Amino acid sequence: AANPSDAIVAALRKISPGAKPEVRHGTTVGTNTLLERKGARVAFVTTEGFEDTIAIGRQARPRLYDWFMVPDPALVPAELRFGVAERTSATGEILKSPGAKDLQDLVVSPAAARPDAIAVSLLFPFANVRNEQAVAGALRKLGLPISLSHEILPEFREYERASTVAVNAYLAPGMGRYISGLQQALEGEFAGGRLQVMQSSGGIVSAQVAAKEPVRTVLSGPAGGIVGAHAVARLAGFDKIIGFDMGGTSTDVALVEGAERLRTTSESVISGLPISVPMLDIHTVGAGGGSLARFDAGGILRVGPQSAGAAPGPICYGRGEKPTVTDANLALGRLDPDFFLGGEMSLDEPRARKYLAATKGPIASVEEFAAGIVRLAEAAMEKAIRVISVERGYDPRDFTLVSFGGAGPLHACALASALKIPRVLVPQMPGALSALGILMSDVVKDYSRTVMLGPDPAALEKHFRELERRGAKEMREENLKSVATRFADVRYAGQGFELSIPWSANFVQRFHQAHRRRYGYADERRRVEVVNLRVRVVASTEPVPFPKKKTVRGAAKQALVKHRRVVFDGRASKAPIYRRELLRPGDVFLGPAIVAEYSATTVLPPGCRASVDQRQNIVIEVK
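Residues numbered from 1 in each chain as written. Predicted model: local features only at pLDDT ≥ 70, side-chain atom pairs only at ≥ 80, totals over all residues. Heavy atoms only, no water.

## Focus: the packing of helix 11 (residues 349–359) against helix 12 (residues 366–388)
Step number 1: Packing of helix 11 against helix 12 leaves a shortest axis separation of 9 Å and a crossing angle of 85°. Judged by the angle between their axes, helix 11 and helix 12 are roughly perpendicular. The residues of helix 12 that touch helix 11, namely those facing Arg353, Leu356, Ala357 and Thr359, are Val366, Glu367, Phe369 and Ile373.
Step number 2: Looking at the contact of helix 11 with helix 12, its residues break down into five nonpolar, one polar and two charged. (Axes fitted to C-alpha atoms, helices over the stretch in contact; angles between N-to-C directions. Helix = DSSP H or I, 4+ residues; strand = E, 2+ residues; numbered from the N terminus. Parallel < 35°, antiparallel > 145°, perpendicular 65-115°, else oblique. Contact = heavy atoms within 4.5 Å. Nonpolar A, V, L, I, M, F, W, Y, C, P; charged D, E, K, R; others polar.)

## Notes on the nonpolar core
Step number 1: Leu34, Val135 and Ile275 are the most contacted members of the largest nonpolar core, which totals 59 residues.
Step number 2: Setting aside residues no more than four positions away along its own chain, Ile275 makes contact with Leu34, Thr164, Val167, Val215, Val218, Ser266, Glu267, Ser268 and Ile270. (Core = buried A, V, L, I, M, F, W, Y, C linked by side-chain atoms within 4.5 Å. Buried < 20%, exposed > 50% of the residue type's maximum accessible area, 1.4 Å probe, protein only.)

## Notes on the sheet that holds strand 7 (residues 146–148)
Step number 1: Taken together, the four strands give an open sheet; going across it, the order is 3-2-6-7, and neighbouring strands pair in parallel fashion. Of all strands in the sheet, those with a lone pairing partner are strand 3 (81–84) and strand 7, marking the two edges. Each strand axis lies, on average, 20° off the axis of its neighbour in the sheet, ignoring direction.
Step number 2: As paired elements, strand 6 (residues 117–120) and strand 7 share three bridges and run parallel to each other. Its bridge partner being in strand 7, Val120 is matched across the sheet by Leu148. (Pairing = 2+ DSSP bridges.)

## Description of the sheet that holds strand 20 (residues 423–426)
Step number 1: Read across the open sheet, the eight strands follow the order 16-11-10-19-20-31-30-27; overall the sheet is mixed. The open sheet is flanked by strand 16 (283–285) and strand 27 (588–590), the only strands paired with a single partner. Looking at each pair of strands side by side, their axes are set apart by 20° on average, direction ignored.

## Some words on the pairing of strand 10 (residues 241–246)
Step number 1: Taking burial as the measure, the six residues of strand 10 include six buried ones, the bulk of the element.
Step number 2: What you see with strand 10 is no split at all: Ile241, Gly243 and Asp245 on one side and Ile242, Phe244 and Met246 on the other are buried throughout.
Step number 3: Where strand 10 and strand 11 (residues 251–256) come together, six bridges link them in antiparallel fashion. Counterpart to Met246 in the pairing with strand 11 is Thr251.
Step number 4: What sits between the antiparallel neighbours strand 10 and strand 11 is a turn of four residues.
Step number 5: The sheet contact formed by strand 10 and strand 19 (residues 400–404) spans five bridges and is parallel. Within strand 19, the position partnered with Phe244 by the bridge is Ser403.

## Some points on the environment of Ala488
Step number 1: Among the structural elements, Ala488 can be located in strand 22 (residues 483–492).
Step number 2: Take Ala488: its relative accessible area is 0%, and that puts it in the buried class.
Step number 3: Put simply, Ala488 and Ser448 are 40 residues apart on the chain and 9.3 Å apart in space, counted from C-alpha to C-alpha.
Step number 4: Non-local contacts of Ala488, meaning those with residues more than four positions away in its chain, are made with Leu499, Ser500, Ile501, Trp503, Val530, Asn532 and Leu533.

## Things to note about the pattern of salt bridges
Step number 1: All told, the structure shown has 35 salt bridges when counted by the stated rule.
Step number 2: Residue Glu155 pairs with Arg534 through a salt bridge whose shortest N-O separation is 2.8 Å. With Glu155 in the loop between helix 6 (149–152) and helix 7 (158–189) and Arg534 in strand 24 (residues 528–539), the pair connects residues that are 379 residues apart, well separated along the chain. Each member of the pair, Glu155 as well as Arg534, carries the same accessibility label: buried.
Step number 3: Note that Arg216 and Glu213 form a salt bridge whose closest N and O atoms lie 2.5 Å from each other.
Step number 4: Three or more residues are tied together by salt bridges with common partners; here these are Arg157, Arg491, Glu498 and Glu529. (Salt bridge = Lys/Arg side-chain N within 4 Å of Asp/Glu carboxyl O.)

Structure, rendered in structure tokens:
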């Protein structure tokens, strides 16, 4: 559907006609708006003299030795940046307040530029909000959506805060229309259906909050997948997991250690733009089933990040003409053309092989070309997993790879083997795990404040309590009972970056331990500084039942439907194809094998051993 909400309403008509549904929505509307740069025309207002902060950014260069690198254009062009004569000190002292004439002039300038939304990010409003509130009061006469930094991100680091607020303003008009349109459709056709939206941080918020602060939703789909993976893996007995979510355009990976909370970060960069609201610590690469293969000017084979998208899609879907990872898997026999989408869609293998042959260049055969495409895609995904594990002090051999997304189980065993991860878990309906994770997510609100204090619990207590009171009040307004959890961003005095530590009486010692793990050393004699305080307020969602089934030892013979020629490491073999819905708890079978189901296909290379557990997950011991 051109409007994603049309597809949601159509699905509700099919599954619950006449009902009053509660819809939990993971959306990529904000993500796609950023990637495609199709957001609102934003006016950026800041302290006079700092108008270009949002364009100057930091000195870090993403490609240090590329002389021809052109930086991404700023989200807000120069003609839409405006300064106001005001100044607040870093300690909260009002050094200069904007006068009536200053505010009057400020309203005139943006009005003449005809923006769609306004972002306001003055210097140090987290220390004293008075000047920013005065500026906002004057600008409200324009009747435009206004994003205020002291509401969205009351933290230091001017560039990151300004970027976050500008992104929020950039998304607000479009997301506001989309969410309000979907809400109206639910209320009109389904007698008052309720809409909630998934945040990037792994929690649910009301539609009203999501429309006002859409910057919190830019990774809502991947976040749902990680929440689901964590829950399913814990029930299966695996606490230390690496989530591997491969879709059509990208792959998202995340590491979860133990039964602790899901790891979040406030240092995300999406489409080249820093976004400092809390997000699950997800690393994304441009490798998916639709990633395009091509030869560069030097004759080297490349895969991604460009994608065939939904239209025209892979060659085997009938319209595309450029080879993709999906076409390569089909040519290698790892997808069965008769069982794609549970048999509802047939893949055109002869067409895929024809175009692969026409574009393979100097490579000897279609199968070698296909194997090269798959190998390069897997190399990009392997690198992504190394970023969140090895590069952060974690040994992949201690983890279980939880694979989901429509294309994830195709490649999971190969990645696990390359990284020496001992096992892979493929949950039920892997292509729909993100939806399950959203259904299971709690209602969450995150609050933060920059304090710049020493590790004195008494001095920090006052700030924690203020944040908790605000969270409890907002939860009560939604008739929700909540529990607050505290965190502190801590660093050694003089450092430029900090680590987020769960609050406890021994939080300083826990910081030293975390610093040693991340950077390889800790200096317990050095002075520690608390930079930001964070409070996460959670209202628990009713748990989703996952019933156990009786295990009966079997060899999956009842699920075997055919054999197919499959190529692994240049060698062809006849591999059995099993229907996932016919597998029973207790079934055990060996690779090479293919497991086909509606939402995904699981590939077992030679030497792997798969078993079906009591909750119908496939657990694969990797060679």
